[in-house]
Amino acid sequence: MSDSDVETPTVSHLSAPVVWSCNEWDPLEEVIVGVVDGATVPPWNHSLAATAPAHAAWFFEKYGGSAFPQDIISNASRELDALSNRLVKLGVKVRRPDILDFNKEVTTPWWSSKGLYAAMPRDVLLVVGDTIFEAPMAWRSRYFESYAFRNLLMDYFRKGGRWLTAPKPTMAETFYDPNYSPDRAIIEGQKQFVINESEIAFDAADFVRFGTDILAQKSNVTNAAGIEWMRRHVPSGFSVHEVEFDDEHPMHIDTTIVPLAPGKLLVNPNWVNTMPDILASWEILRAPPPVKPYDSALYFSSDWLTMNILSLDEKTLIVEEQETPMIEALTGWGFDVIPVPFRNFYPFGGSIHCATTDVRRSGSLKSYL
Ligand code: DAV
């Protein structure tokens, strides 16, 4: 390999950070918005059954292993493009992942599986200060998902960004609990999970950033070893705290608690019965019920996607346009809301927060908890 094959970073990340985000609400400068092209419906399996709503089983029976139906892809794609254009108009730099064909079967020494999608950058990438973390994931269908973001990550790396990839679990049979069942998710007061602690696993979306403090939950895709790995690898000045809520089938924290501004937290009224001590001083807004009906099209998630909001800054929130009770509640709490159409993205299992990940927000590292 000649020297010219690798561009050595010359830009100091201290003087002009290409990757910099410490919380969910500082002014947004650069964001990755997902894509749905190439999305494949994963075959129904044990780890998926742990969190997918039971009413969606028919969808996986019908389409599991095939590409998502084209009309679902086209309608969601239009909304993703519209969100991207809107963000650009608001002065935010928008990046998109590569389009990969997730309908290809991949084989590792332990298993074979088709892929899923590159729709949810929030699940795969987590920016903590000047470092972008690539999550190991816990579903076989997501093993290679981060490669859709490889060109972006290489670009950030070349420009001086720090990039860390967590060790991936083998996702062999031994990593999943064969006795786990969603209807026995709590046994003797203890939450049960479909993954065990034999290897490191997490999705980035089980972490939420409050400046120097990052809260994380164990879930059906994030184990204690994964949280501990993050704890040992976050840049200096950050600490990771484990929190637990009352969602019996947790997967991703961003429909449970959503910090909107310093001291202001949106919480899920069904899943947050007791506030962790660390959040005791924060003012809370209990999310109003989501607008229905659309639950027949929620194949991967609960109907709390209404809470899955992206902050442009600590005053301005991007919210799905049909979630009017939420828009009214947030406006009443002093926020400016930018409504965008995003309902056709819901079948992929997320809303605006899931479909994006902030790579750069201005502001400095501070303690808020
Ligand atoms: O509420 O089912 C969806 C969030 C996905 N990032 C839920 C979690």
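See above for the structure.
Residues numbered from 1 in each chain as written. Predicted model: local features only at pLDDT ≥ 70, side-chain atom pairs only at ≥ 80, totals over all residues. Heavy atoms only, no water.

Chemist: So what exactly am I meant to see when it comes to the site of the ligand here?
Modeler: Taken together, the residues surrounding the ligand are Asp-123, Met-251, His-252, Asp-254, Thr-255, Trp-271, Ser-301, Ser-302, Gly-349 and Cys-354. At a separation of 3.3 Å, a nitrogen atom of the ligand approaches a polar side-chain atom of Asp-254. At 2.6 Å from an oxygen atom of the ligand is found a side-chain nitrogen or oxygen belonging to Ser-302. Taking a 2 Å distance to the grid points as the criterion, the majority of the atoms of the ligand fall inside the largest pocket. Its residues placed into classes, the shell around the ligand shows three nonpolar, five polar and two charged. (Near = heavy atom within 4 Å. Polar contact = N/O pair within 3.5 Å; in protein donor to acceptor, adjacent residues only side chain to side chain. 1 Å grid on protein atoms, 1.4 Å probe; cavity = no way out; pocket = protein on both sides within 12 Å on 5 of 7 lines; lining within 4 Å. Sits in = over half its atoms within 2 Å of the grid points. Nonpolar A, V, L, I, M, F, W, Y, C, P; charged D, E, K, R; others polar.)

Chemist: Mind showing me how you'd approach the packing of aromatic side chains here?
Modeler: Two aromatic rings, taken as a pair, are described by how far apart their centres are and by the angle between their planes. What the rule picks out here adds up to 27 aromatic pairs. Seen from their ring centres, Trp-44 and Phe-60 are 5.1 Å apart, and the 50 degrees between their planes marks the pair as tilted. On the criterion of sequence distance, the pair formed by Trp-44 in the loop between strand 1 (28-33) and helix 1 (46-49) and Phe-60 in helix 2 (residues 57-63) is long-range, its members being 16 residues apart. Accessibility expressed as a relative area gives 2% for Phe-60, which makes it buried. Measuring from centroid to centroid gives 6.1 Å for Phe-133 and Trp-229, while their planes differ by 90 degrees, and the two rings are edge-to-face. Here the residue Phe-133 occupies a position in strand 6 (residues 131-134), and Trp-229 occupies one in helix 6 (residues 224-233), the gap between them amounting to 96 residues. Here Phe-133 falls in the buried class, since its relative accessible area comes to 1%. (Phe/Tyr/Trp six-rings, centres within 6.5 Å; stacked < 30°, edge-to-face > 60°. Helix = DSSP H or I, 4+ residues; strand = E, 2+ residues; numbered from the N terminus. Buried < 20%, exposed > 50% of the residue type's maximum accessible area, 1.4 Å probe, protein only.)

Chemist: Would you take a moment to explain helix 6 for this structure?
Modeler: Structural remark: α-helix, 3.6 residues per turn; residues separated by three or four positions point the same way. Here helix 6 has its buried residues at Gly-226, Ile-227, Trp-229 and Met-230. For helix 6, the angular spread of the buried residues around the axis is 155 degrees, confining them to a single face. Contact partners of the buried residues in helix 6: strand 5 (125-128), strand 6, strand 7 (162-165), strand 10 (207-210), strand 11 (213-216) and strand 12 (239-242). (Arc of directions from axis to C-beta. Contact = heavy atoms within 4.5 Å.)

Chemist: What should I look at first to understand the nonpolar core in this one?
Modeler: Within soluble globular proteins, side chains that are nonpolar generally end up buried alongside one another. Ranked by internal contacts, the top residues of the largest apolar core, which has 86 residues, are Phe-68, Leu-87, Phe-345 and Phe-348. No other element matches helix 3 (residues 70-89), which puts six residues into this core. Other than its neighbours up to four places away in sequence, Phe-348 contacts Val-36, Ala-39, Phe-68, Ile-72, Ile-73, Ala-76, Tyr-117, Met-120 and Phe-300. One finds Leu-260, Ile-309, Met-326 and Ile-327 within the second-largest nonpolar core, a separate group that totals 17 residues. (Core = buried A, V, L, I, M, F, W, Y, C linked by side-chain atoms within 4.5 Å.)

Chemist: I would appreciate a short explanation of the sheet that holds strand 19 (residues 356-361) in the present structure.
Modeler: Through backbone hydrogen bonds, the strands of a sheet pair up, either in parallel or in antiparallel fashion. Across the sheet, which stays open at both edges, the three strands sit in the order 2-1-19 with mixed pairing between neighbours. Whereas interior strands pair on both sides, the edge strands pair on one side only; in this sheet they are strand 2 (93-95) and strand 19. For this sheet, the mean inter-axis angle between neighbouring strands, taken without regard to orientation, is 25 degrees. As paired elements, strand 1 and strand 2 share three bridges and run parallel to each other. Across the sheet, residue Glu-30 finds its bridge partner in strand 2, namely Lys-93. Running over the sheet, helix 3 touches strand 1, strand 2 and strand 19 and is turned about 165 degrees from strand 1. (Pairing = 2+ DSSP bridges. Axes fitted to C-alpha atoms, helices over the stretch in contact; angles between N-to-C directions.)

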